[in-house]
Amino acid sequence: MNVPYRQIRAAYDDDTVTVYQAYPPEIARPAVAAGRFVPPFKRSRMTWIKPSFRWMMYRCGWATKPGQERVLAVSIRRDGFEWALGHACLSHYDPELQADRAEWVRATRANPVRVQWDPERSLRLEPLAYRSLQVGLGGEAADRYVDEWVTGLEDVTDRAKAIHARLLAGDEDGGAELLPLEKPYPLGPPVADRIGATR
């Protein structure tokens, strides 16, 4: 399968897209109970969302890393997700997308969202030849995320642990069967160009 180098892959329907975050229990449990992020979640900090389940598993070590013991599948409005991408700049200077470093600095000051493309991960969490998107929400974007975009929260830690257990048992096919279905996410040219997606 020939996957574009920078492509968003996600579970989504006509109205919502699923992104993933991992938190300690003291943040995750109240959020799941309320159906939205509530204290001690701090919206003043940049919060990173990941459309790729496997990349989230790489980041949290199958929900084993301290402070990342609970994995949340967060359903958010697609128009909110696309607003975020439309108000994003790269988390680092890229000469292919900015004329110079000063232009990138101006973009970071003018936009509340950061994006970065990191190697996508296999089921065994090995780096693949193509990239996966991470989206950092700060300021206005974080407020919109918490107050407007989130439509549901699900704790999928048990699913993560079940997949990991199958892998440890040598049942890779069984683990793969439990993965969420992710497909290429459609982006219009202006947004794709803004975040450096491959078209």
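About the criteria used
Residues numbered from 1 in each chain as written. Predicted model: local features only at pLDDT ≥ 70, side-chain atom pairs only at ≥ 80, totals over all residues. Heavy atoms only, no water. Axes fitted to C-alpha atoms, helices over the stretch in contact; angles between N-to-C directions. Helix = DSSP H or I, 4+ residues; strand = E, 2+ residues; numbered from the N terminus. Parallel < 35°, antiparallel > 145°, perpendicular 65-115°, else oblique. Contact = heavy atoms within 4.5 Å. Nonpolar A, V, L, I, M, F, W, Y, C, P; charged D, E, K, R; others polar. Pairing = 2+ DSSP bridges. Phe/Tyr/Trp six-rings, centres within 6.5 Å; stacked < 30°, edge-to-face > 60°. Buried < 20%, exposed > 50% of the residue type's maximum accessible area, 1.4 Å probe, protein only. Arc of directions from axis to C-beta.

**Student:** Run through the packing of helix 3 (residues 78-86) against helix 5 (residues 139-149), naming residues and quoting values.
**Tutor:** Look at helix 3 against helix 5: their axes get within 11 Å of each other, and the N-to-C directions meet at 175 degrees. When the axis of helix 3 is compared with that of helix 5, the two are roughly antiparallel. Residues G80, W83 and A84 of helix 3 pack against E140, A141, R144 and W149 of helix 5. Residues that form the contact of helix 3 with helix 5 fall into these classes: four nonpolar, one polar and two charged.

**Student:** Can you explain the pairing of strand 7 (residues 127-137)? Please cite residues and give values.
**Tutor:** As judged from the three bridges shared by strand 3 (residues 47-49) and strand 7, these two strands associate in the antiparallel manner. Along strand 7, the bridge assignment pairs T47 with L137. Relative to strand 7, strand 6 (residues 113-121) is paired through eight bridges, and the arrangement is antiparallel. Within strand 7, the residue paired with D118 across the bridge is S132. As consecutive antiparallel partners, strand 6 and strand 7 are separated by five residues, and within that stretch L125 has a phi angle of approximately 70 degrees, a positive value.

**Student:** Run through the packing of aromatic side chains, naming residues and quoting values.
**Tutor:** When we look at a pair of aromatic rings, we describe it by the centre distance and by the angle of the planes. Evaluated as defined, the whole model comprises nine aromatic pairs. Taken together, a centroid distance of 5.3 Å and an interplanar angle of 75 degrees make the contact between Y20 and F53 edge-to-face. Highlighted residues: Y20 in strand 2 (residues 16-23) and F53 in helix 2 (residues 53-60), separated in sequence by 33 residues. The class of F53 is buried, set by a relative accessible area of 1%. The interplanar angle of 85 degrees and the centroid separation of 5.3 Å between the aromatic rings of F81 and Y185 together place this pair among those described as edge-to-face. Highlighted residues: F81 in helix 3 and Y185 in the loop between strand 9 (183-184) and helix 8 (189-195), separated in sequence by 104 residues.

**Student:** Tell me about helix 1 (residues 25-34), and please be specific about residues and values.
**Tutor:** What helix 1 keeps buried is the set P25, I27, A28 and A31. In a view along the axis of helix 1, the buried residues occupy a sector of 160 degrees, so they form one face of it. In helix 1, the exposed positions angled more than 90 degrees off the buried face are occupied by E26, R29 and A33. Those residues of helix 1 that are buried are in contact with strand 2, strand 4 (70-77) and strand 8 (150-155). Once helix 1 ends, the next one or two residues include G35, with phi positive near 75 degrees.

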